Every structure is written in C-alpha cells, then in structure tokens.
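These are the residues of each chain, in order.
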Amino acid sequence: VELVESGGGLVQAGGSMRLSCVASDHTANYYDMAWFRQAPGKERSFVAAIFWRSGNTYYADSVEGRFTISRENAKNALYLQMNSLKPGDTAVYYCATDRALWKASDCSARAFGSWGQGTQVTVSS
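Treat the numbers as computed from the prediction; the structure is a model and nothing was measured.

Rules behind the numbers
Residues numbered from 1 in each chain as written. Predicted model: local features only at pLDDT ≥ 70, side-chain atom pairs only at ≥ 80, totals over all residues. Heavy atoms only, no water. Disulfide = S-S within 2.5 Å. Helix = DSSP H or I, 4+ residues; strand = E, 2+ residues; numbered from the N terminus. Buried < 20%, exposed > 50% of the residue type's maximum accessible area, 1.4 Å probe, protein only. Core = buried A, V, L, I, M, F, W, Y, C linked by side-chain atoms within 4.5 Å. Contact = heavy atoms within 4.5 Å. Salt bridge = Lys/Arg side-chain N within 4 Å of Asp/Glu carboxyl O.

## Section: the state of the cysteines
Where two cysteines share a covalent bond between their sulfur atoms, that bond is called a disulfide.
1) Next: Counted under the stated rule, the structure contains one disulfide.
2) Next: For Cys-21, the disulfide goes to Cys-95, at an S-S distance of 2.0 Å. Sign of the S-S torsion, about 55° for the bond between Cys-21 and Cys-95, identifies this disulfide as right-handed. Taken together, the residues span a long stretch of sequence, with Cys-21 in strand S3 (residues 17–23) and Cys-95 in strand S9 (residues 91–98) at a distance of 74 residues. For the pair shown, Cys-21 and Cys-95 are each scored as buried.
3) Next: The thiol of Cys-107 is not disulfide-bonded; the next cysteine sulfur, from Cys-95, is found 17 Å away.
4) Next: Overall, the relative accessible area of 29% leaves Cys-107 in the partly exposed class.

## Looking at the nonpolar core
A general feature of soluble globular proteins is that nonpolar side chains tend to end up buried together.
1) Next: In this structure, Trp-35, Leu-80, Met-82 and Tyr-93 are the most contacted members of the largest nonpolar core, which totals 34 residues.
2) Next: Taken together, the elements giving at least two residues each to this core come down to S3, strand S4 (32–38), strand S5 (45–50), strand S7 (67–72), strand S8 (77–82), S9 and strand S11 (119–124).
3) Next: Ranked by the residues each element gives to this core, the list is headed by S5, at five residues.
4) Next: When neighbours within four sequence positions are excluded, Met-82 is seen to be in contact with Gly-15, Ser-16, Met-17, Leu-19, Arg-66, Phe-67, Tyr-93 and Val-121.

## Remarks on the environment of Gly-65
1) Next: Note on placement: Gly-65 falls in the loop between strand S6 (57–59) and S7.
2) Next: In this structure Gly-65 comes out as exposed when scored by relative accessible area, which is 74%.
3) Next: Separated by 52 residues in sequence, Gly-65 and Gln-117 have C-alpha atoms that sit 26 Å apart.

## A closer look at the pattern of salt bridges
1) Next: Applying the stated criterion to the full structure yields three salt bridges.
2) Next: In this structure, Asp-89 engages Arg-37 in a salt bridge whose closest nitrogen and oxygen atoms are separated by 2.9 Å. Here Asp-89 is found in the loop between S8 and S9, whereas its partner Arg-37 is found in strand S4, with 52 residues between them in sequence. There is no split in this pair, since Asp-89 and Arg-37 are both buried.
3) Next: Among the ionic pairs, Arg-66 bridges to Asp-89, the shortest N-O distance being 2.8 Å. With Arg-66 in the loop between S6 and S7 and Asp-89 in the loop between S8 and S9, this pair connects stretches of sequence that are 23 residues apart.
4) Next: A cluster of three or more residues bridged by salt bridges with shared partners is formed by Arg-37, Arg-66 and Asp-89.

Remember that the coordinates give geometry; whether it matters functionally is a separate question.
So this is what it looks like as structure tokens:
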C-alpha cells in the first residue's frame, strides 16, 4: 500500500495543525497505522498509533494530551491533530503501516514496512 501525507507547514508555538495521510487502497483500513517524526540529526521516533480492529490509540509521552490520532476508513485516511505545538515538535512527520499486527511494546520504526514520503512541520518560537 502507498501512503501520501499532507498538511504540514509553518506554525507558531502554541498553535495547531492537522496532518493527513491517505492510503492507495482500502486494505490499509485493516492495518494498524502510526505516525513517526524525524528531526534533523535525530533518529525517526514514534509519535502515535491506532489499532485497526479496536480503534484504541497509543501515544508517545512527549505528545500525550496534545496530539490526537484518528482514522476515517471511508476515505482510507489517517489523521494527526496537533495542538499546543512546541518548537521541539519541529520535524518531518511520516505515516506508516504494516500488514502485520502491531504491538505497543515495539515503537520502533522497523515495526512498520510501508511509509509515506513525509511532510515537514516547523514550529516557530
């Protein structure tokens, strides 16, 4: 499955932004999906995930309470609503999925085999 992210840009600290990720076909509706981010000079890190069957969500501590992950199966879409943004949230954001069931104990990028091209989010102070 191919993934395409959109919605990035420049925002001031304290602002909000919503990222979207659209899958190429509906099979992604049956896969767990996630958002990762990568800041310059740093490794790609887990942000949030959503289980396809239960709809349960899981967040990195750094974004818990500020970010919300959701999906809209009718549009083969995944979203990330980001509120109270901080300069430290500046990164390229990627959506990811995999046909294998995801385990919350593994927040590494290697747990996901399909990735989008990424969208830049820049938060100014």
